[in-house]
Amino acid sequence: MNAPVTRRNAVLGIAVAATSLAAPSILRAQSAGRVVVVGGGFGGAACARALKRADAKLQVTLIEPNKTYISCPFSNEVIAGLREIEAQQFAYDKLAAGGISIVTQAATNIDTQTRRVTTGDGTTFGYDRLVLSPGIDFHFEALPGYDDAASETMPHGWKAGAQTLLLRRQLEAMADGGTIAIAIPANPSRCPPAPYERASLIAHYLRSSKPRSKVLVLDAKDNFSQQRLFEKAWKELYGDMIERVALSQGGRVTSVDPTMRTIVTEFGNYTPDVANVIPPQRAGRIAAIAGAADATGWCPIDPVTFESKLVPNVHVVGDACLGGGIPKSASAASAQGRACAGAIVNLFAGRAPETPRLTGVCYNVVAPGYGFSLAGNYEPRGDIFAEVEGGATSPVDAPRELRAREADEAERWFETITADTFG
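What counts and what doesn't
- Residues numbered from 1 in each chain as written.
- Predicted model: local features only at pLDDT ≥ 70, side-chain atom pairs only at ≥ 80, totals over all residues.
- Heavy atoms only, no water.
- Helix = DSSP H or I, 4+ residues; strand = E, 2+ residues; numbered from the N terminus.
- Buried < 20%, exposed > 50% of the residue type's maximum accessible area, 1.4 Å probe, protein only.
- Contact = heavy atoms within 4.5 Å.
- Lys, Arg positive; Asp, Glu negative; His and termini not counted.
- Charge placed at Lys NZ, Arg CZ, Asp CG, Glu CD.
- Pairing = 2+ DSSP bridges.
- Right-handed = clockwise from strand over helix to strand, strands pointing away.
- Core = buried A, V, L, I, M, F, W, Y, C linked by side-chain atoms within 4.5 Å.
- Axes fitted to C-alpha atoms, helices over the stretch in contact; angles between N-to-C directions.
- Phe/Tyr/Trp six-rings, centres within 6.5 Å; stacked < 30°, edge-to-face > 60°.
- Lys NZ or Arg CZ within 6 Å of the ring centre and 35° of its normal.

**Student:** Got a minute to help me understand the overall build of the protein in this structure?
**Tutor:** Across its full length, the protein holds 11 helices and 22 strands. If one aligns the C-alpha atoms of the protein with their principal axes, the spans along those axes are about 65 × 50 × 40 Å. The buried share of the protein, taken over its 423 residues, is 58%. Put simply, of all contacts in the protein between residues at least 6 apart along the chain, 67% involve residues at least 24 apart. Distance between charge centroids for the protein: 4 Å, based on 42 positive and 43 negative side chains.

**Student:** Just checking my understanding: could you explain the pairing of strand β11 (residues 179-184) for this structure?
**Tutor:** Moving residue by residue along a regular strand, the side chains alternate between the two faces of the sheet. Among the six residues of β11, five are classified as buried, and the element is accordingly described as predominantly covered. Here β11 runs beside strand β12 (residues 214-219); their pairing, made up of six bridges, is parallel. Counted as the bridge partner of Ala183 is Leu218 from β12. A crossover links β11 with its parallel partner β12, the connecting element being helix α7 (residues 194-209), and its sense is right-handed. One ladder, built from four bridges, connects β11 with strand β17 (residues 274-277); its direction is parallel. Bridge pairing links Ala181 to Ala275 in β17.

**Student:** Can you help me understand the nonpolar core in this one?
**Tutor:** One broad rule of soluble globular proteins: the nonpolar side chains tend to lie buried together. Membership of the largest hydrophobic core comes to 105 residues, with the highest contact counts inside it found for Leu51, Val117, Leu130, Leu132, Ile180 and Val215. By residue number, the principal contributor to this core is helix α10 (residues 330-348), which donates nine residues. The next biggest cluster of nonpolar side chains, apart from the first, holds 14 residues, and it includes Ala150, Leu216, Val256 and Ala275.

**Student:** I would appreciate a short explanation of the sheet that holds strand β1 (residues 34-38) in the present structure.
**Tutor:** Sheet strands line up and pair through hydrogen bonds in the backbone, either parallel or antiparallel. Across the sheet, which stays open at both edges, the five strands sit in the order β5-β2-β1-β9-β19 with parallel pairing between neighbours. Looking along the sheet, the strands with just one partner apiece sit at the ends: β5 (101-103) and β19 (314-316). Averaged over all pairs of adjacent strands, the angle between their axes in this sheet comes to 20°, without regard to strand direction. In this structure, strand β2 (residues 59-63) lies alongside β5, joined through three bridges in parallel fashion. Bridge pairing in β5 places Leu62 opposite Ile102. Packing against the sheet, α10 makes contact with β1, β9 (129-132) and β19, and its axis sits at approximately 170° to β9.

**Student:** Could you clarify how one ought to interpret the sheet that holds strand β20 (residues 358-367) in this entry?
**Tutor:** Spatially, the three strands line up as an open sheet ordered β20-β21-β22, and their pairing is antiparallel. Bordering the open sheet on either side are β20 and β22 (384-393), each of which pairs with just one other strand. Averaged over neighbouring strand pairs, the angle between their axes works out to 30° when direction is ignored. Sheet topology note: the strand β21 (residues 370-381)/β22 ladder contains seven bridges and is antiparallel. Among the inter-strand pairings, Ala375 is bridged to a residue of β22, identified as Ala392. Where helix α8 (residues 227-238) meets the sheet, its contacts fall on β20, β21 and β22, and the angle it forms with β20 comes to roughly 20°. Contacts from helix α11 (residues 400-422) reach β20 and β21 within the one sheet, and its direction differs from that of β21 by about 60°.

**Student:** In this structure, what is going on with the pairing of strand β13 (residues 242-245)? I would like to understand it.
**Tutor:** Bridging between β12 and β13 involves four bridges; their strand directions are parallel. Across the sheet, Leu216 pairs through a bridge with Glu243, a residue of β13. With α8 bridging β12 and the parallel β13, this β-α-β connection has right-handed handedness.

**Student:** Looking at this structure, how should I read the packing of aromatic side chains?
**Tutor:** For any two aromatic rings, the description comes down to two numbers: the centre-to-centre distance and the angle of the planes. Within this structure, the stated rule accounts for 18 aromatic pairs. Here Phe140 and Tyr146 contribute two aromatic rings whose centre-to-centre distance is 6.0 Å and whose plane-to-plane angle is 50°, an arrangement assigned as tilted. In this structure an aromatic cluster arises from ring pairing among Phe42, Tyr69, Phe74, Phe90, Tyr92, Tyr363, Trp413, Phe414 and Phe422. A cation sits over an aromatic face here: Lys159 above Phe138, 5.2 Å from the ring centre. Cation over ring: Lys328 sits above Trp298, and NZ or CZ is 4.0 Å from the ring centre.

Structure representation (structure tokens):
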């Protein structure tokens, strides 16, 4: 029987998973290979770092248009005024110091026949193996009225940075007694519990600064991850400040009108003072350019090697891939990046890749000193990852002491995963 995921090893889950995947089986490749990694988030940066640590002779190039990565985990605290954006920013200096070539450009084209990546300045990079970790893009066609321009009026805040700060400013400018509506899409989407954490932390801000205000959650789902924990916290902390309209109650958003700041659902229209619209999502655009995304908009992979099922010598990790039971989260992306690195090193050496076992943990902080978590173990089952025994979730009826301890653990988890990924 597998050992359960305890609170302590959940905090260190990614580091434990990375060690178990990388240490005994990844031997030095017999000859140097060229690996290009596109995307410098938790999946791509973790993969690049693991590749170079496993074999210093590998030529590893990380292509990422931003000089600084801005983390989505904990960005909800920035929106609620509990954290500054600078605490979310991570540079690539330590990856470069470790021998990884950092290219600060956007990848604009991938020729999988000649195995070359072209960047925005026209430079091309050859590869033997390509790793795509492009995260998500928005499926604007699935939400009429919403696009990049609309996001300047109705921010999504689902890519951390300018949108995070825009939503924060709108909340600060809202009069007491106002309403913020959060439109939540159906799955699959990045970090499924995060919109409900956002609703919680916004309610915390409103309770202290604008106590007559409301949070309206318009949801394209009837049920969501850790629902009982969230609803118990809402009742305990915020009373009736948060109202959720589920799918079966007409909560699915069908279109928006940014000029009027109107959100249209199947059963009615809403014109809140602040509209936080999280649109439907798909894999980052470069995945489709490479031919790695299918009709779903996501990337099917071999879960043992993370190699694309559509194009050879291309691997996909993180939010962009069709992972089955494993969530689209920072912890999952980091674990996938390290496992993918192990598979690539073994493939270069002519060895069969080992079957990965990934450990992921998701923390939600719904108020300062009040957190809970969900941890899981995942293994390949057929063409996808499936959750296997040994996971753990916070008890619904836990004392506040445990909630406070898990809030502290969330902070330590963030420190651990960012240090392990970015140095």
